[in-house]
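One letter stands for each residue in the lines below.
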Amino acid sequence: MERDSSIEVFTTCPLSTDLASDQFLDRLIDVARWSDEAGCAGMLVFSDNARLDPWSLSHLIIQRTKTLCPLVAIQPIYMHPYWIAKQITTFAYLYGRRFYLNMVAGGFKNDLEALKDSTPHDKRYDRLAEYVHIVKKLLEAPTPVSFDGEFYKVDNLKLTPPLESAVFPGVFVSGSSDAGLAAAHRIGATAIKYPRPASEEPLRADERVECGIRVGIIARRNRADAWAVAHARFPEDRKGQLTRQLATKVSDSLWHRQLSEIGAGDGTSPYWLVPFENYKTMCPYLVGSYDEVAGELARYFSAGYRTVILDIPPSAEELQHSFAAFAAATQEIQ
């Protein structure tokens, strides 16, 4: 069975904080190659005060893969939009590879405070929209760009070398808040949600924008095997639960609070939040047989979610199990 080509699948880069420095590089290259060979569109590369520089990691990803596109998390307070545009056009010039930008408006409060950023939540999305506007204009305009906004101002700014339209970046933004959805609509971005169970999501995603979800998947031919793998990989962890409670208090991200208010799940549904509650992942999981997980995915797809960002794959085999569920979901919606 073939996966619907209109559905883009991304994986997630391993976290440097989870591995020793002498192990991380090999793991990064492994996950990138698995994702590339599986036919994923790209791989999310995180960016926050505790992580390695995502552009350096993206360079390694491109050098070790054939078609995989980095989905780089961009926090506007870290650098000027011109620098982002210059990175994109430089990589395109050297490798002919497309990038995706995962625009980050929020984060942990202590990270923002350390950078002396006191901009209110909704205003950060206004800033993000101006940021993306400048990046896009620089990448698409053959003439110098001028812009006089509330947060950014440029005057006759020109980008070289020019960017080929075939590698123009895709843009993602969190769609969990009204401010995030409004920003996605304003800048033409894909709105990514950390979804509730498919049965609790609206029958239609926001029709003003393209939409996607971020989930992990553990699927097998029969549900018992899938749940055995799930419980072995993500056992209950009291220390992790306490860390999650603290993280919820210091995060101003709406999706973080929304997931924290949902129950972990009783195993009767594929939707499972135990890994999130134990601070092992940052997204919900779908667990069960191929058909059960496919049914949940198909409901998201039918509602209009056409992009999926998967959690970090632990192995190439696990990624293939996930794609078996995607293929079954494709059959359901045809």
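The preceding data block contains the structure.
What counts as what
- Residues numbered from 1 in each chain as written.
- Predicted model: local features only at pLDDT ≥ 70, side-chain atom pairs only at ≥ 80, totals over all residues.
- Heavy atoms only, no water.
- Buried < 20%, exposed > 50% of the residue type's maximum accessible area, 1.4 Å probe, protein only.
- Helix = DSSP H or I, 4+ residues; strand = E, 2+ residues; numbered from the N terminus.
- Pairing = 2+ DSSP bridges.
- Phe/Tyr/Trp six-rings, centres within 6.5 Å; stacked < 30°, edge-to-face > 60°.
- Lys NZ or Arg CZ within 6 Å of the ring centre and 35° of its normal.
- Axes fitted to C-alpha atoms, helices over the stretch in contact; angles between N-to-C directions.
- Left-handed = near helix turned anticlockwise from the far one by under 90°.
- Contact = heavy atoms within 4.5 Å.
- Nonpolar A, V, L, I, M, F, W, Y, C, P; charged D, E, K, R; others polar.
- Core = buried A, V, L, I, M, F, W, Y, C linked by side-chain atoms within 4.5 Å.

### As for the pairing of strand 5 (residues 145–148)
1) Next: Along strand 5, the buried face is formed by Val145 and Phe147; none of Ser146 and Asp148, which line the opposite face, is buried.
2) Next: As paired strands, strand 5 and strand 6 (residues 153–157) are joined by three bridges and run antiparallel to one another. Bridging across to strand 6, aspartate 148 finds its partner in lysine 153.
3) Next: Hairpin connection of strand 5 to strand 6: four residues between the antiparallel strands.

### Concerning unusual backbone geometry
1) Next: A cis amide bond links threonine 160 to the next residue, proline 161, at an omega of -5°.
2) Next: Within the element layout of this structure, proline 161 appears in the loop between strand 6 and strand 7 (170–174).
3) Next: Of note in this structure, asparagine 156 is not a glycine but carries a positive phi near 55°.
4) Next: Within the fold, asparagine 156 resides in strand 6.
5) Next: Residue asparagine 156 is classed as exposed on the basis of its relative accessible area of 53%.

### Looking at the packing of aromatic side chains
1) Next: Tallying each qualifying case throughout the model produces 15 aromatic pairs.
2) Next: Ring centres 6.3 Å apart and planes at 85° place the aromatic pair tyrosine 300 and tyrosine 305 in the edge-to-face group. Considered together, tyrosine 300 and tyrosine 305 belong to a single accessibility category, that of buried residues.
3) Next: Ring-pair connections join several aromatic residues into one group, and the members of that group are Trp55, Trp83, Phe91, Tyr95 and Phe99.
4) Next: The ring of tyrosine 100 carries the charged tip of arginine 98 above its face, separated from the ring centre by 4.5 Å.

### Describing the packing of helix 1 (residues 21–38) against helix 12 (residues 316–333)
1) Next: Between helix 1 and helix 12, whose axes approach to 10 Å, the crossing angle comes to 35°. Where helix 1 crosses over helix 12, the two elements pack in a sense that is right-handed. Across the interface between the two elements, Trp34, Ser35 and Ala38 of helix 1 pack against Ala316, Leu319, Gln320 and Phe323 of helix 12.
2) Next: Class assignment for the residues of the contact of helix 1 with helix 12 results in five nonpolar, two polar and no charged.

### Quick word on the nonpolar core
What tends to happen in soluble globular proteins is that the nonpolar side chains get buried as a cluster.
1) Next: Ranked by size, the top nonpolar core spans 83 residues in total, and within it Trp55, Ile74, Ile84, Met103, Ile217, Leu297 and Phe326 carry the most contacts.
2) Next: Here this core takes nine residues from helix 5 (residues 121–140), the largest share from any one element.
3) Next: Contact partners of leucine 297, with chain neighbours within four places excluded, come to Ile217, Leu286, Ala325, Phe326 and Ala329.
4) Next: Ranked by size, the runner-up nonpolar core spans eleven residues in total, among them Tyr194, Ile218, Phe234 and Tyr285.

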